[in-house]
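# Coordinate analysis (summary)
Chain residues, written in single-letter form:
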Amino acid sequence: MTTIRRFCCNDLLRFASVNLDHLTETFNMSFYMTYLARWPDYFHVAEAPGNRIMGYIMGKVEGQGESWHGHVTAVTVSSEYRRQKLAKKLMHLLEDISDKDKAYFVDLFVRASNMPAIKMYEKLGYIIYRRVLRYYSGEEDGLDMRKALSQDIDRKSVVPLKRPVTPDELEYD
């Protein structure tokens, strides 16, 4: 049976094997600690029996006014636990938390070449909002994908931009 719970400090010493996928973005310890301290409600881990980490989701809430939104910084599932709808459960959890926080939408960035992830996000209701040129290490384009939440009655947050943007055009809070 899978248990989904809040990420805790001890998990930082146990989740490295989940990050072995070449498409998973990894960060330094202080980055993870910042998320854990500032947005604990947006950081969850999935555990298998025996306390083995299956995957995790790390996110935050940011913005102002109609730009107030949940953001998926990372979602990853260890290769041996894929195809069990675990990423879907983690995504729905972050969406529900964002909706309770009255966010207008949830967004995420994905490599333009990561077709399995893009297709999964589309199945979950995300649209490609815009292309960000050279987003990943100044080499590969990223796609900014979004899903409107209940606060965005008119669905303004998911009207796609017609032109690509550069990383310096992104707003960060």
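About the cut-offs
Residues numbered from 1 in each chain as written. Predicted model: local features only at pLDDT ≥ 70, side-chain atom pairs only at ≥ 80, totals over all residues. Heavy atoms only, no water. UniProt positions renumbered as here; feature names shortened; annotations may be inferred. Phe/Tyr/Trp six-rings, centres within 6.5 Å; stacked < 30°, edge-to-face > 60°. Helix = DSSP H or I, 4+ residues; strand = E, 2+ residues; numbered from the N terminus. Buried < 20%, exposed > 50% of the residue type's maximum accessible area, 1.4 Å probe, protein only. Expected span 1.5 Å × (residues − 1).

In the annotation of an unreviewed UniProt entry, the entry for the protein reads N-acetyltransferase domain-containing protein, and the organism field reads Spirodela intermedia. Looking at the Sequence similarities (unreviewed entry) heading of the UniProt record, one finds this comment for the protein: "Belongs to the acetyltransferase family. ARD1 subfamily."

### With respect to the packing of aromatic side chains
Enumeration according to the criterion identifies eleven aromatic pairs in this entry. Here the aromatic rings of Phe31 and Tyr35 are separated by 4.9 Å at their centres, their planes lie at 40°, and the arrangement is tilted. Taken together, the positions of Phe31 and Tyr35, both in helix H1 (residues 29-38) and four residues apart, correspond to about one turn of that helix. Residue classification places Phe31 among the partly exposed positions, given a relative accessible area of 29%. Tyr35 sits in the buried class, given a relative accessible area of 5%. Centre to centre, the rings of Phe43 and Tyr56 are 6.4 Å apart; their planes meet at 50°, and the pair counts as tilted. Residue Phe43 is found in strand S2 (residues 43-48), and its partner Tyr56 is found in strand S3 (residues 52-62); the two are separated by 13 residues along the sequence.

### Notes on helix H2 (residues 86-100)
With 15 residues, H2 should cover 21 Å at 1.5 Å per step; its first-to-last C-alpha distance of 21 Å lies within 8% of that length. Inspection of H2 places Leu86, Ala87, Leu90, Met91, Leu94, Glu95, Ile97 and Ser98 among the buried residues, and these make up the whole buried set. Just beyond H2, the residue with positive phi is Lys102, at close to 60°.

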